[in-house]
Amino acid sequence: MNQAHLTGPPMRLRLGGQVLPMVGRVRMYVCGITPYDVTHLGHATTYIWADAAERILRWHGHNVTVARNVTDVDDVLFAEARRRGAAHTMLATLQRASFESTMATLQVRRPDHSPSAAQHIGHVVQLASALLDRDAAYERGGTVYARTSEAYRRTALDHATAVERAEEFHDAPEDDEKDDPLDIAVWQATGPDDEVSWPSPWGDGRPGWHAECTAMVLALFGSGVDLHCGGADLEFPHHACEAALAEAATGVTPFARGWLRAGLVSIDGAKMAKSTGNLVLVEDLLREHSPGAVRLLCLNRPWARPWQYEPGLLDDAEATLEQLYAAAAKPGMQPGAAAVPAALLDDLDVPRAVAIALEDGGQAARTLIELLALS
Ligand code: ZN
């Protein structure tokens, strides 16, 4: 373990205006992909930020354990597999391999755990049972619904917008079996079009998306995590419901001590998403640019702020990277060498760390390049 922090200034992570003290071990959970299509820049931004946070914490002596899940039980995956005339397990395996290879090229460290929903069905059943025991859920016709009508209050959304979001994320607010439109299915009874199902105490069915992540976090880490990461669009309903389910089942709050939700990337003013056909594919960017430039493009900005992709930004990132390499070639141990990791710990302030590295050069620039894997 790096002992430098014992004699230096106090080192603690500040995230989104909140101090998040960590002692030794850090448990990190990252909401992963649904493996049905190629990786776009919006995905990459989320995983590069999670990777940067992990590297910064490691640099400061923390023992970080990361789990990044794969959502391999999901309607969009099944629909895409049907469209291609392929088994969904085959499609998921191929897309997962392609995603992992892109992440490796981008120097995103391999997670310690890569749980998938299909491997954790038993834990979702345990979660549903726990929620029923605590009267935080009810069963109707083989589906177990959780009482998550208040989960939106964890966010700044009003009720009407929360219902719209629930619709957008396929939480079926219109389902009149529910006591409340914002309740969610933890366990979903098998319907006529469903191609996969597992047995449960309530009949054949499959897990609900939010419950999958909750079950995987609880199964891998116990009652919660120190840092929970994902894209900004996951705040509601996904993260809010995930946390509500966990806290209702375990009685332990908070489920996540800190949230790192990377700002969404838009292109031509619209969110980058497969569903809108608005995509910049990482493999296309990597044909003409270095992985370091793609990382710097994603990181050299406030982490929570949404941003708009334009091709010129990648040329700018490439130019900044060249300046950093030139600065790193200067000899010496300038005072900025310690200021760089300190700036990164302060709300992951990459722009300030880059400014210090460019101004001081030498060890400061070498530290930044190594710490953020920009080489
Ligand atoms: Zn998740």
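Q: Would you explain the sheet that holds strand β12 (residues 270-271) in this entry?
A: By way of backbone hydrogen bonds, the strands of a sheet pair with one another, either parallel or antiparallel. Strand order in the open sheet formed by three strands is β12-β11-β13, with mixed pairing between adjacent strands. Looking at the sheet topology across the chains shown, the edges are occupied by β12 and β13 (307-308). Where strand β11 (residues 265-267) lies against β13, two bridges are found, and the strand directions are parallel. Each residue of the ladder has a partner; that of Ser 266, found in β13, is Gln 308.

Q: Just checking my understanding: could you explain the side chain of Thr 102 for this structure?
A: Relative to the helices and strands, Thr 102 is located in helix α3 (residues 88-105). Residue Thr 102 is classed as buried on the basis of its relative accessible area of 10%. Setting aside anything within four residues of it in sequence, one finds Thr 102 in contact with Thr 39 and Val 282.

Q: I keep staring at the sheet that holds strand β3 (residues 25-30) and nothing clicks. Help me out?
A: Spatial strand order, β4-β3-β9-β10: four strands in an open sheet with parallel pairing. Of all strands in the sheet, those bounded by a partner on one side alone are β4 (63-68) and β10 (256-262). Across the sheet, the mean angle separating the axes of adjacent strands is 20° when strand polarity is ignored. In this sheet, β10 lies alongside strand β9 (residues 225-231) in parallel orientation, the contact comprising six bridges.

Q: Before we go on, may I ask you to explain the nonpolar core in this structure?
A: Note on soluble globular proteins: their nonpolar side chains tend to be buried together. Residues Leu 41, Tyr 309, Leu 368 and Leu 372 are the most contacted members of the largest nonpolar core, which totals 66 residues. Of all the elements, helix α1 (residues 41-59) adds the most residues to this core, at 10 residues. Built from parts of two domains, this core gets at least three residues from each of domain 1 (21-119 + 127-133 + 209-288) and domain 2 (311-371). Sequence-distant contacts of Leu 372, that is, excluding residues within four places in its chain, are made with Ala 52, Ile 56, Arg 295, Leu 299, Leu 344 and Val 350. By size, the runner-up hydrophobic cluster in this structure holds 42 residues, among which are Ile 121, Leu 157, Leu 245 and Ala 246.

About the thresholds
- Residues numbered from 1 in each chain as written.
- Predicted model: local features only at pLDDT ≥ 70, side-chain atom pairs only at ≥ 80, totals over all residues.
- Heavy atoms only, no water.
- Pairing = 2+ DSSP bridges.
- Helix = DSSP H or I, 4+ residues; strand = E, 2+ residues; numbered from the N terminus.
- Buried < 20%, exposed > 50% of the residue type's maximum accessible area, 1.4 Å probe, protein only.
- Contact = heavy atoms within 4.5 Å.
- Axes fitted to C-alpha atoms, helices over the stretch in contact; angles between N-to-C directions.
- Core = buried A, V, L, I, M, F, W, Y, C linked by side-chain atoms within 4.5 Å.
- Domains from an automatic or database assignment.

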